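If you want the building blocks of each chain, they are given just below.
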2 protein chains.
Amino acid sequence: MSDMVRVAVDAMGGDNAPVEIVKGAVEAVNECSDLKICLVGQQDVIASELTKYQYPEDRVEIVHASEIIETAEPPVMAIRKKKDSSIVVALNLVKEGKCDAYVSAGSTGATLVDGQVIVGRIKGVERAPLAPLIPTLKGDSLLIDCGANVDARPSHLVQFAKMGTIYMRDVHGIENPTVGIVNIGAEEDKGNALVKETFPLLKNCPYINFVGSVEARDIPAGVVDIAVCEAFTGNVILKMYEGVGNALLGEIKGVLMSNLKTKIGALLIKKALKNRLKRFQTSEHGGAPLLGLNGLVVKTHGSSTAKEIKNSIIECITFTKQNIPAKIQEMLGSTLDEFEE
Amino acid sequence: MSDMVRVAVDAMGGDNAPVEIVKGAVEAVNECSDLKICLVGQQDVIASELTKYQYPEDRVEIVHASEIIETAEPPVMAIRKKKDSSIVVALNLVKEGKCDAYVSAGSTGATLVDGQVIVGRIKGVERAPLAPLIPTLKGDSLLIDCGANVDARPSHLVQFAKMGTIYMRDVHGIENPTVGIVNIGAEEDKGNALVKETFPLLKNCPYINFVGSVEARDIPAGVVDIAVCEAFTGNVILKMYEGVGNALLGEIKGVLMSNLKTKIGALLIKKALKNRLKRFQTSEHGGAPLLGLNGLVVKTHGSSTAKEIKNSIIECITFTKQNIPAKIQEMLGSTLDEFEE
């Protein structure tokens, strides 16, 4: 492997494309000397954006793709019909080994589905989970799976726990990360059929540091490094973070602006409050990796700004240098017969 | 039916029993002239608490029960072994028609299981859902089901939607309440197997005002009056409310106390902030009813104070006077053949 990490960036995807995407990519390449970027999308549009910036020209390449997949398009249809879309062209760069990683703020459905179809799963991986970091009082925890494949089986959840462990250990430097299964009570006999069946499998899995059930209430407090769940549950958790956070912060803003007294109070606390709550904002985090593929696929928020794009791209460097796919293959390979049907 | 509503209160259940429970009951009976209370539990303990207060003695009765079911006890075992516990004795008062409703801050498991076993489900009701009100920016929404019976079937969710509609309309006065199914996307083809199967049933159900999928993100904004979901999902939503709220408010408190400037700011906004956020606190709400039983069973938070106990008891009056069980039976009876197996 070359020491240079090559990241294919979907320049056309997301609410703020191409402006913020190109800006984030340029910032990343200016910050990291071991990074090469392929900006994938409409040649003239990207070239025109690039004229705004200073950057090492030998490390930024434009790869032309004439089509754009919209967020609302059904992913499987889109990939078949739009073979020259930025998503498909960029994912093919990863498949063909021309790039190590892919970053997109575009259609979640297309990225998840096409990531699996085009880049392909590592041998032995049954499902590729989407695994975002979520902010907690103790730092960040990994929520795995928040992806598009709902109704998981117990064996899938065990693989999520293993892949999450490798990722948190080797990309985020957390030694022996704790793993909890999202449940509706702390006792082993609590839960739905999936959780009850999965619990003993996790308990007896030697490759992870399983600490038992974690109630949703305790996730924001950061009681586990890795919260394992089925994708429907993961999506609800992620969206509740956003929903409750927005509602509360909206109320607080309303209070601060309600009269002269509170407005003066607001002036005194504003900066400190903003700094502290920044950690709870998504733009401070990189995107979420789709784990278990033959390469790295990262989905960032549709509303990503340059900062989030930059962070997502930079995270690809550690992921690639740590050779996460090989480590996942190795761990799953050594235990593959457990789940062979 | 007599105009007097009779509520059996578990005086021994909850973190603050018996002090706050007895206090809340006395406050309720002093506030409402159409209310009679049976305080169920250890005679001498309750009598001693009651000496602290002034209240109409003909409307407060003590019913002795010698045993207490602890939160950690397995519900089914507890009910068999502890026939003279406050929960069992109080629920029997409802079963025998001596009381109209039951309120407890004690073991959730025992209340949910024993409520169904002792009081019994209305004919035609397949499952009795726990349905708390949750605070939103627009007021309150009903989250149904948050109970102990996970892995629901589509027909259960349809009944939840119907029972929730009756409850929100006749107890909380919301005309033609909107119903949404909790989902991971807005489109009809999104969701897990349960949601996909339930969606068309709700869409074609003439008794409810179904508005489609609701994403968890939008629940705190109050986009629907009734959010229907399976109990595991409901529990996760409820606990995320608590968890994210606590984490954020903890951070904000930390900021306000961080230096002299922010402390002065805090003084200026404290009162307004407290007033506004009060609505997001559980003690402002009554307990959650277990719908679909032959009588009313209400579970309040384990940490309930007198205020929440009082609110829970008072809510029983409207519920009973509106004759919700009869209305549920009527609605389900008229559509029972839809689901007969």
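Our structure is the block above this text.
Let me begin by describing the structure that accompanies this report. Since we're looking at a predicted model, the values are computed, not measured.

## Things to note about helix α1 (residues 19-31) of chain A
Note that an α-helix has 3.6 residues per turn; residues three or four places apart therefore point the same way.
Residues and elements named next belong to chain A.
Okay, step 1: Over its 13 residues, α1 extends 19 Å from the first C-alpha to the last, a length consistent with the 18 Å expected when each residue adds 1.5 Å.
Okay, step 2: Those residues of α1 not exposed but buried are I21, V22, G24, A25, V26, A28 and V29.
Okay, step 3: On its buried face, α1 sits against β1 (5-10), β2 (35-41), α2 (43-50), β3 (60-64) and α10 (306-321).

## A look at the relation of the copies chain A and chain B
Okay, step 1: Expressed as a screw transformation, the operator carrying chain A onto chain B has a rotation angle of 180° and an axial translation of 0.0 Å, and the superposed copies differ by an RMSD of 0.0 Å. Both chain copies can therefore be described as sitting about a two-fold axis. If distances are taken from each C-alpha of chain A to the rotation axis, the shortest is found for G265 of chain A, at 2.0 Å.
Okay, step 2: The overlap is high: 100% of the interface residues of chain A also sit at the interface in chain B, so the same surface is used on both sides.

## Comments concerning the sheet that holds strand β3 (residues 60-64) of chain B
Residues and elements named next belong to chain B.
Okay, step 1: Spatial ordering of the open sheet is given by β3-β2-β1-β4-β11-β10, a layout of six strands whose pairing is mixed. The open sheet has two free edges, formed respectively by β3 and β10 (288-290), since each of these has just one partner strand. Across the sheet, the axes of successive neighbouring strands diverge by a mean angle of 25°, strand direction being ignored.
Okay, step 2: Both strand β1 (residues 5-10) and strand β4 (residues 101-104) contribute to a ladder of three bridges, which runs parallel. By the bridge assignment, V7 is partnered in β4 with A101.
Okay, step 3: The sheet strands contacting helix α2 (residues 43-50) are β2 (35-41) and β3, and the helix crosses β3 at an angle near 155°.

## Description of the interface of chain A and chain B
How big an interface is tends to be stated in terms of accessible area lost as the parts join.
Okay, step 1: The interface is formed by 46 residues belonging to chain A together with 46 residues belonging to chain B.
Okay, step 2: Applying the counting criterion to the chain A and chain B interface returns four salt bridges.
Okay, step 3: Its salt-bridge partner being K239 of chain B, residue E215 of chain A comes within 2.5 Å of it at the nearest N-O pair.
Okay, step 4: At the boundary of chain A with chain B, the tally comes to six residue pairs in polar contact (both at pLDDT 80 or more).
Okay, step 5: Listed by contribution, the elements that provide at least two residues to the side of chain A that touches chain B are β7 (178-183), α7 (193-203), α8 (231-256) and α9 (260-278) of chain A.
Okay, step 6: A breakdown of the residues in the side of chain A that touches chain B according to their chemical character gives 27 nonpolar, ten polar and nine charged.

## Comments concerning the packing of helix α6 (residues 154-170) of chain A against helix α11 (residues 324-333) of chain A
Residue and element names in this part refer to chain A.
Okay, step 1: Viewed as axis vectors pointing N to C, α6 and α11 meet at an angle of 140°, and their least axial separation amounts to 10 Å. One finds that α6 runs oblique with respect to α11. Every pair of crossing elements has a handedness; the one defined by α6 and α11 is right-handed. On α11, the residues touching Q159, K162, M163, I166, R169 and D170 of α6 are I324, K327, I328, M331 and L332.
Okay, step 2: Classifying every residue of the contact of α6 with α11 gives six nonpolar, one polar and four charged.

Conventions and cut-offs
- Residues numbered from 1 in each chain as written.
- Chains lettered and ligands numbered in written order.
- Predicted model: local features only at pLDDT ≥ 70, side-chain atom pairs only at ≥ 80, totals over all residues.
- Heavy atoms only, no water.
- Helix = DSSP H or I, 4+ residues; strand = E, 2+ residues; numbered from the N terminus.
- Expected span 1.5 Å × (residues − 1).
- Buried < 20%, exposed > 50% of the residue type's maximum accessible area, 1.4 Å probe, protein only.
- Contact = heavy atoms within 4.5 Å.
- Least-squares fit on C-alpha atoms with pLDDT ≥ 70 in both.
- Pairing = 2+ DSSP bridges.
- Axes fitted to C-alpha atoms, helices over the stretch in contact; angles between N-to-C directions.
- Salt bridge = Lys/Arg side-chain N within 4 Å of Asp/Glu carboxyl O.
- Polar contact = N/O pair within 3.5 Å; in protein donor to acceptor, adjacent residues only side chain to side chain.
- Nonpolar A, V, L, I, M, F, W, Y, C, P; charged D, E, K, R; others polar.
- Parallel < 35°, antiparallel > 145°, perpendicular 65-115°, else oblique.
- Left-handed = near helix turned anticlockwise from the far one by under 90°.

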